[in-house]
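Below, each chain spelled out in residue letters.
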Amino acid sequence: MKELRQIHAQMIALGLIRYTYITSRILAFCAISKNGDLEYARRIFDRIQMPTIFNWNAMIKGYSRSAQPQFGLSIFARMRAELVLPNMHTFPFAIKACDGLSSVAQIHGQVVKFGFDLDVYVVSSLINMYSKHDVGVARQVFDKSPNKNVVSWTSLISGYCVQGQVVEARKVFDEMPERNDVSWSAMISGYVQNECHTEAIELFRELKERALLRPNRSVLVSILNACAGLGASEEGRWVHSYIDENGFEYGLELGTALVDFYVKCGCVESSRQVFDKMPIKDVMAWSAMIVGLAINGHSDSALALFAEMERSKTKPNAITFVGVLSACNHGGLVYKGWDYFKVMSNVYGISPSIEHYGCMVDLLGRAGRVADAEQLINGMPMRPDGVIWGALLNGCLIHGHVELGERVGRRLIELEPHHSGRYVLLANMYASMGRWEGVVSVRKMMRERRVTAVPGCSFIEITGVVHRFLVDDKSHSKSADVFKMLNDLHNEVISSNYETMMVQAILS
DNA sequence: CTAGGGTTAG
């Protein structure tokens, strides 16, 4: 871009600017290229007296992929006001610049008016844009269109997926006459976006077995997502070796997806190895690693990595601070947590979200500072949700603040009357204080409201077999060994003066 | 003379 500006300046100096063809090429590069400069393109564009359709299209395209696609529409409107005729290249980007259902419909009118409603490119753009707002309309356009190709089919799939209609999407996927890597990718990532992780992995296995297509990067990213959601470490590790064997680079998306996958499976070392190998790291990559260290209990490493991130001049965002604050939370670092909470808004201008408040309430509550936590909640700019009150109640439970706990617990139950865990927490608090009449009243309320406690369960995958454990579950073939191990661990914790350690952690 | 659509991380 720097070189281009120099060339452009020389052209102006030499009077070559009247060679409109070259100016057009420069304009197009600035507007469209990934390392271009849309503002600069706009300045060139504004000085052209009679822009050609090529110039107009370049500007519309540039804006349509920018942060303000609406400007693309206003360029299109200006173009029409100057009575310039659009061509087939104009519409895909004018459509992409639409921000709502009504603007799509208006552009659709223009498409019909100029007779481009048979063009596959234009039609699939329309289907894609309609499906973001109303997949029914997208379907109508699709059904009416005589020229369908793999792209229009794929647009319809992602449309259904965006609307949460995965079953419909799958029907379309099964019906389509031919599929390419993007269609597979759209269907698999659609499953993942709708939390249908198992279906995503099944479809991925089908793709592998058919061996028609090599999974592309976006498929791999989506599958890693699914593996992360399921804790399917075997499948994810397979993907990792596939990535290495096939020479895929640890780019931002794929690298971050790998980091996140390992983090969610609790393999902090593997995730750190991938992270360290990533040649370029952006906010998301740093955040994934920091959050990962934090949720796996490596508070010090998480905070050290945050310091490193600051040194690398990568600007942290709201998610980064979720990681930083939860690191403080897991490490019991109350004062540091407060400091970071202030740094977040004062230094980085990030206003705390409900998640950040959740971390702080949790942190204060666990440290026994329930009054401070309550004060923080009262000062929140947004309405506290169940997570916030739950964190406070948990603090009350740990530190025996029965009056506040009771108040919060009752409030929480009214806020989420069908959430069994809230009743259980309150009942546990009564039980811990020996207030059995309280326990009985909570149990009674649950019975009357027909709220049943969902037993907590956890999964672990060992050599491809998933083992499931419920509370007090003795059905597993090795359950005697499991309970013996638990008992040994419990005794070890008791004898190693665990409480003193906790108090030190909280006071540090 | 130049150019167009669908998938992709925290």
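Everything that follows concerns the structure shown earlier in this document.
Overview of the structure. (Residues numbered from 1 in each chain as written. Chains lettered and ligands numbered in written order. Predicted model: local features only at pLDDT ≥ 70, side-chain atom pairs only at ≥ 80, totals over all residues. Heavy atoms only, no water.)

Focus on helix H13 (residues 197-210)
Part 1 of the reasoning: Counted at 1.5 Å a residue, the expected span for H13 with its 14 residues is 20 Å, and the 20 Å between its end C-alpha atoms agrees.
Part 2 of the reasoning: Of all the positions in H13, only His197, Ala200, Ile201, Leu203, Phe204 and Leu207 are classed as buried. In an axial view of H13, the angular spread of the buried residues amounts to 160°, which keeps them on one side of the axis.
Part 3 of the reasoning: Tucked inside the fold, the buried residues of H13 contact helix H11 (166-175), helix H12 (181-193), helix H14 (217-230) and helix H15 (233-245).
Part 4 of the reasoning: Directly after H13, the chain includes Ala211, whose backbone phi takes a positive value near 50°. (Helix = DSSP H or I, 4+ residues; strand = E, 2+ residues; numbered from the N terminus. Expected span 1.5 Å × (residues − 1). Buried < 20%, exposed > 50% of the residue type's maximum accessible area, 1.4 Å probe, protein only. Arc of directions from axis to C-beta. Contact = heavy atoms within 4.5 Å.)

Digging into the state of the cysteines
Part 1 of the reasoning: Considering all chains together, one arrives at zero disulfides under this definition.
Part 2 of the reasoning: With no disulfide of its own, Cys161 lies closest to Cys196 among cysteine sulfurs, the gap being 8.8 Å.
Part 3 of the reasoning: Classification of Cys161 by relative accessible area gives buried; the value is 3%.
Part 4 of the reasoning: Here Cys328 is not cross-linked by a disulfide; its sulfur's nearest cysteine counterpart is in Cys359, at 8.9 Å.
Part 5 of the reasoning: Given a relative accessible area of 0%, Cys328 falls into the buried group. (Disulfide = S-S within 2.5 Å.)

Focus on the packing of aromatic side chains
Part 1 of the reasoning: Here the structure, examined in full by the defined rule, presents 16 aromatic pairs.
Part 2 of the reasoning: When the ring of Phe173 is compared with that of Trp184, the centres are 5.2 Å apart and the planes differ by 85°; the resulting orientation is edge-to-face. Pair noted here: Phe173 is in helix H11 and Trp184 is in helix H12, with a separation of 11 residues, a long-range link.
Part 3 of the reasoning: Take Phe173: its relative accessible area is 1%, and that puts it in the buried class.
Part 4 of the reasoning: Look at Phe341 and Tyr357: their rings are 5.6 Å apart centre to centre, the planes differ by 70°, and that puts the pair in the edge-to-face class. Here Phe341 is found in helix H21 (residues 334-346), whereas its partner Tyr357 is found in helix H22 (residues 354-366), with 16 residues between them in sequence. Considered together, Phe341 and Tyr357 belong to a single accessibility category, that of buried residues. (Phe/Tyr/Trp six-rings, centres within 6.5 Å; stacked < 30°, edge-to-face > 60°.)

Some words on the packing of helix H9 (residues 135-144) against helix H10 (residues 150-162)
Part 1 of the reasoning: For the pair H9 and H10, interaxial distance at closest approach is 10 Å and the crossing angle is 165°. In this view, H9 runs roughly antiparallel relative to H10, as classed from their interaxial angle. Relative to H10, the crossing made by H9 is left-handed. Between H9 and H10, the contacting residues are Val135, Ala138, Arg139 and Phe142 on the first element and Ser152, Trp153, Leu156, Gly159 and Tyr160 on the second.
Part 2 of the reasoning: Looking at side-chain class alone, the contact of H9 with H10 contains six nonpolar, two polar and one charged residues. (Axes fitted to C-alpha atoms, helices over the stretch in contact; angles between N-to-C directions. Parallel < 35°, antiparallel > 145°, perpendicular 65-115°, else oblique. Left-handed = near helix turned anticlockwise from the far one by under 90°. Nonpolar A, V, L, I, M, F, W, Y, C, P; charged D, E, K, R; others polar.)

Some thoughts on the protein's contact with DNA strand B
Part 1 of the reasoning: In the region of DNA strand B, 42 residues are neighbours, and Ser124, Asn149, Gln193, Ser218 and Asn317 sit closest.
Part 2 of the reasoning: Near the protein, meaning within 4 Å, the atoms of DNA strand B are sugar or phosphate in a fraction of 36%, with bases accounting for the rest.
Part 3 of the reasoning: In this structure, Asn87 approaches DNA strand B through a side-chain N or O atom, which is 3.2 Å from a base nitrogen.
Part 4 of the reasoning: Contacts to DNA strand B include Ser124, whose side-chain N or O atom sits 2.7 Å from a base nitrogen.
Part 5 of the reasoning: The element best represented in the surface near DNA strand B is helix H8 (residues 120-133), accounting for six residues.
Part 6 of the reasoning: Taken together, the residues that form the surface near DNA strand B break down as 16 nonpolar, 19 polar and seven charged. (Near = heavy atom within 4 Å. Polar contact = N/O pair within 3.5 Å; in protein donor to acceptor, adjacent residues only side chain to side chain.)

A look at the side chain of Glu235
Part 1 of the reasoning: One can find Glu235 in helix H15.
Part 2 of the reasoning: The exposure class assigned to Glu235 is buried, which follows from its relative accessible area of 7%.
Part 3 of the reasoning: Here Arg205 takes part through its side chain, which lies 2.6 Å from a polar atom of the side chain of Glu235.
Part 4 of the reasoning: If we skip the residues at most four places from it in the chain, Glu235 touches Ile201, Phe204, Arg205, Lys208 and Cys227.

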